[in-house]
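Below are the chains, spelled out letter by letter.
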Amino acid sequence: SDEEGDRLVISTLTDVTVQRRVLDQLQRSQERFAKAFNFSPLNMTITRLSDGAFIEVNRAEDRVQGYQPEELAGKTSVGAGAWLTAEDRAAFIRLLEQEGRVHAYDTVMRHKDGRLRESRLWAERIEVDGEDCILACTVDVSEEKRREKQLIELARGMTGSSAEDFFVSLTVHMAHALEADMTCVAELTSDGQLRTLAAWRDGQTISNYVYPLKGTPCGEATAQPGLCVFAQDLDRRFAHREGIVRGGFKSYIGQRLQDENGQPVGMIYAMWRQPLTLQRDAQSLVSIFASRANAELLRLQRDREIQALNATLEQRVQARTADLIKLNAELDSFAYSVSHDLKSPLRSIDGFTRLLSDQMQGRMQPDEADMMQRILGATSRMSALITDLLALARVSQGQLERQTVDLSAMVDDILDTEMQRHPDRRLERRITPGLRASCDPRLTRIALENLVGNALKYTRACDPAVIEFGRAGADELYLRDNGIGFDMAYADKLFKPFQRLHMPDQFEGTGIGLATVRRIVERHGGAVAGRGVPGGGAEFRFGFGPATLSAEEAPSSTGATA
């Protein structure tokens, strides 16, 4: 107050309870953030959104770039190598502005020593003192990427369309997985040397070669079952090995390949031009590659053994086949010669017997006349047998001359000829016209004459006799009759020489006819089979080899002759 003696106190009271509480909470939040930021084991930074300048860096070890916090003062993220180019940062900023945060962003950063490191980044936009900033956390994923690459190379190295492709693929991918300067898979030879199956060096596959095992790193590796490692000074230890010294190789890791009995059969190894720091995963990778190479090498050796056996087996089969062909030819020649030579004395026996029978006519007792007839009958049967043997021998000789033959017309002609001998018989023929095949006409006629002759013989008691000829399949024909048939229990005897299913007093014959048919059909590359029912007729199916019958189909025709 302006008046003397007047005293006045003016007070302003403000409730700051909420403000104090908010400030306390903010201070505690800042303390917690500061503690989380500064004491985090992960590398964390705060940079300005506008230009990427570092505002704050925590004390965690920077495994990506290797900087201390004070070394980043005054630098930008592009200048420090967190981004290799300004365009890389611009692409990241666009994504951050769109999403507000970035999760697990993979990129490449430059270490302060100049090396590039695979990195993974988490980031979120924040505001610091009214300015847009980026809170980021960076993790070094180089080792994870390396292992991922190793696994990919391991998987790729386990493939190959052939043994040669497989070993080449294995060495290439093994080199990539181990970052080796040279990799190789080799096979142990019988004379104690190693012959490479595939070798890779300096980014390319090299030609296979042979080198001695003694005095080499592989020689020492062969003597032990596990991994053999020379982590450094390889060129000094094996100074006498020109290839190692000239190539500048400093380290080596190898493992022997072995058979089921533990005996060495080969080697797999890798070499580097710098000392080797062997990690556990590298040892595991070498063991996996070695295990797969071991299995493939043993399979390759088994395949070689099988091929060698097959080759010798084929040679033995060819030699045996040649022997059998020669033997069969000799047997056929022998049979022909014997049969031919027997005819002359047989004709003499038959002639003199008939002459003697005529001279003794009326002077022989009944039993003597009967014996004379028996002799003549026996010589007649023997003559027929020799004739059939000669026919059987002839079908195995001579060149097979294929040409297109009208089989339907041939069967018709054979039936016409046969029916001229038996004009009183009634015959119903059912022949599919136009059936043609590629075959030898002379031999085919012999085969069909035997089949048709049998059909007529065994339908002797039928009135009318029915004979059918047609096509049974793509490469098969049939000839069927309504005769007396036969029991299938004895079907295995049908095509054997001199084997008969009926008694001689019932039906004539020597048992050579069907054997002749089989030999002719097999010479053409085909097969023949018979089916029958006692009293229900018989059917024979045969062919002249694959794709020998014409493809055209013709309707069956039925004709009757008397």
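It should be emphasised that the depicted structure is a prediction, and the values quoted were computed from it without experimental measurement.

Student: Describe the environment of C218, listing the residues and the values that go with them.
Tutor: Its place among the elements puts C218 in helix α5 (residues 217–222). By relative accessible area, which is 3% here, C218 ends up buried. Sequence separation between C218 and G266 is 48 residues; the distance between their C-alpha atoms is 9.3 Å. Setting aside chain neighbours within four positions, we find C218 in contact with L194, Y211, L213, Y252, M267 and Y269.

Student: Explain the packing of aromatic side chains residue by residue, including any values.
Tutor: Two aromatic rings are characterised by how far apart their centres lie and by the angle between their planes. Counting across every chain of the model gives 11 aromatic pairs. Plain terms: the ring middles of F230 and F238 are 5.4 Å apart, the flat faces sit at 80 degrees to each other, and that makes the pair edge-to-face. Accessibility expressed as a relative area gives 8% for F230, which makes it buried. Over the ring of Y478 we find R480; its NZ or CZ atom is 4.2 Å from the centre of that ring.

Student: Break down helix α12 (residues 513–523) for me, citing the residues and quoting the values.
Tutor: Three or more residues of α12 are buried, namely G513, L514, A515, T516, V517, I520 and V521. Within two residues after α12, G525 carries a phi angle of roughly 90 degrees, on the positive side.

Student: Explain the nonpolar core residue by residue, including any values.
Tutor: The biggest cluster of nonpolar side chains holds 39 residues, and the ones touching the most others in it are L407, L415, F469, L477, F540 and F542. Elements with a contribution of two residues or more to this core: α10 (407–421), β14 (427–431), β15 (436–439), α11 (441–458), β16 (465–473), β17 (476–481), α12 and β19 (538–542). By residue number, the principal contributor to this core is α11, which donates seven residues. Beyond its immediate stretch of four places on either side in the chain, F542 contacts L448, L451, F469, D475, E476, L477, L479, V521, A527 and V528. Core analysis: the next-biggest nonpolar cluster, separate from the first, contains 26 residues, F166, L276, A282 and V286 among them.

Student: Quick rundown of the packing of α11 against α12? Include the residues and the values.
Tutor: Closest axis-to-axis distance for the α11/α12 pair is 9 Å, and the angle between their directions is 145 degrees. In the packing of α11 onto α12, the handedness of the crossing is left-handed. Of the residues in α12, those in contact with L443, T444, I446, A447, N450, L451 and N454 of α11 are G513, L514, T516, V517, I520 and R523. Partitioned by chemical class, the residues of the contact of α11 with α12 number seven nonpolar, five polar and one charged.

Student: Tell me about the side chain of T45, residues and numbers included.
Tutor: Inspection of the secondary structure assignment puts T45 in strand β1 (residues 43–48). Non-local contacts of T45, meaning those with residues more than four positions away in its chain, are made with F37, F54, E56, V57, I134, L135 and A136.

Student: Account for the environment of R518, with residues named and values stated.
Tutor: Relative to the helices and strands, R518 is located in helix α12. With a relative accessible area of 34%, R518 lands in the partly exposed category. In contact with R518, not counting residues within four places along its chain, are F495 and V528.

Student: An account of empty space enclosed by the protein is requested, with residue identities and associated values reported.
Tutor: Scanning all chains against the criterion turns up one cavity of 30 Å³ or more. When its volume is computed, the largest cavity comes out at roughly 240 Å³. Forming the walls of the largest cavity are 20 residues, and the residues nearest its centre are T45, S77, A82, W83 and A136. Listed by contribution, the elements that provide at least two residues to the lining of the largest cavity are β1, α2 (86–99), β4 (116–128) and β5 (131–140). Looking at the lining of the largest cavity, its residues break down into 12 nonpolar, six polar and two charged.

Student: Account for unusual backbone geometry, naming residues and giving values.
Tutor: Of all residues except glycine, most have a negative phi; of all peptide bonds, most are trans. For the peptide bond that leads from D463 to P464, omega is 0 degrees, which places it in the cis range. Along the chain, P464 falls in the loop between α11 and β16. Residue A104 is not a glycine yet carries a positive backbone phi of 55 degrees. Considering the arrangement of structural elements, one finds A104 in strand β3 (residues 101–110).

Student: Explain the confidence of the model for the protein chain to me, and be specific about the residues and the numbers.
Tutor: Averaged over every residue, the pLDDT of the protein chain is 83; residues scoring 70 or more account for 86%. Within the model, the stretch residues 553–558 combines pLDDT values under 50 with 14 contacts to residues more than four positions away or in other chains.

Student: I'd like a description of the pairing of strand β11 (residues 251–258), backed by residues and values.
Tutor: Burial analysis of β11 places seven of its eight residues in the buried class, which makes it a mostly covered element. By the bridge criterion, three bridges tie strand β10 (residues 228–230) to β11 in an arrangement that is antiparallel. Note on β11: the bridge partner recorded for C228 is G254. Two strands pair when backbone bridges link them, and β11 and strand β12 (residues 264–272) are joined in this way by eight bridges, in the antiparallel orientation. Counted as the bridge partner of I253 is A270 from β12. Count of turn residues in the β11/β12 antiparallel hairpin: five residues, of which G262 carries a positive phi of about 80 degrees.

Student: I'd like a description of the environment of R246, backed by residues and values.
Tutor: Relative to the helices and strands, R246 is located in helix α7 (residues 242–247). For the pair R246 and D235, spaced 11 residues apart in sequence, the C-alpha to C-alpha distance is 8.7 Å.

Student: Please provide a residue-by-residue account of the side chain of Q301, values included.
Tutor: Of note, Q301 is situated in helix α8 (residues 280–359). The class for Q301 is buried, based on a relative accessible area of 15%. When residues no more than four places from it in sequence are discounted, the contact partners of Q301 are E187 and V265.

Student: Residue-level account of the layout of surface pockets, with values.
Tutor: Unfilled space is identified by rolling a water-sized probe across the atoms. Looking at the second largest pocket, its volume works out to about 400 Å³. Lining the second largest pocket are 17 residues, with M182, Y209, R241, G243 and I244 positioned closest to its centre. Elements represented by at least two residues in the lining of the second largest pocket include exactly α5, α7 and β12. Counting residues per element, the lining of the second largest pocket draws most heavily on α7, at five residues. Of the residues in the lining of the second largest pocket, the class split is 10 nonpolar, three polar and four charged.

Scoring rules and cut-offs
- Residues numbered from 1 in each chain as written.
- Predicted model: local features only at pLDDT ≥ 70, side-chain atom pairs only at ≥ 80, totals over all residues.
- Heavy atoms only, no water.
- Helix = DSSP H or I, 4+ residues; strand = E, 2+ residues; numbered from the N terminus.
- Buried < 20%, exposed > 50% of the residue type's maximum accessible area, 1.4 Å probe, protein only.
- Contact = heavy atoms within 4.5 Å.
- Phe/Tyr/Trp six-rings, centres within 6.5 Å; stacked < 30°, edge-to-face > 60°.
- Lys NZ or Arg CZ within 6 Å of the ring centre and 35° of its normal.
- Core = buried A, V, L, I, M, F, W, Y, C linked by side-chain atoms within 4.5 Å.
- Axes fitted to C-alpha atoms, helices over the stretch in contact; angles between N-to-C directions.
- Left-handed = near helix turned anticlockwise from the far one by under 90°.
- Nonpolar A, V, L, I, M, F, W, Y, C, P; charged D, E, K, R; others polar.
- 1 Å grid on protein atoms, 1.4 Å probe; cavity = no way out; pocket = protein on both sides within 12 Å on 5 of 7 lines; lining within 4 Å.
- Points joined across faces, edges and corners; volume = space filled by probe spheres on them.
- pLDDT = per-residue confidence, 0-100.
- Pairing = 2+ DSSP bridges.

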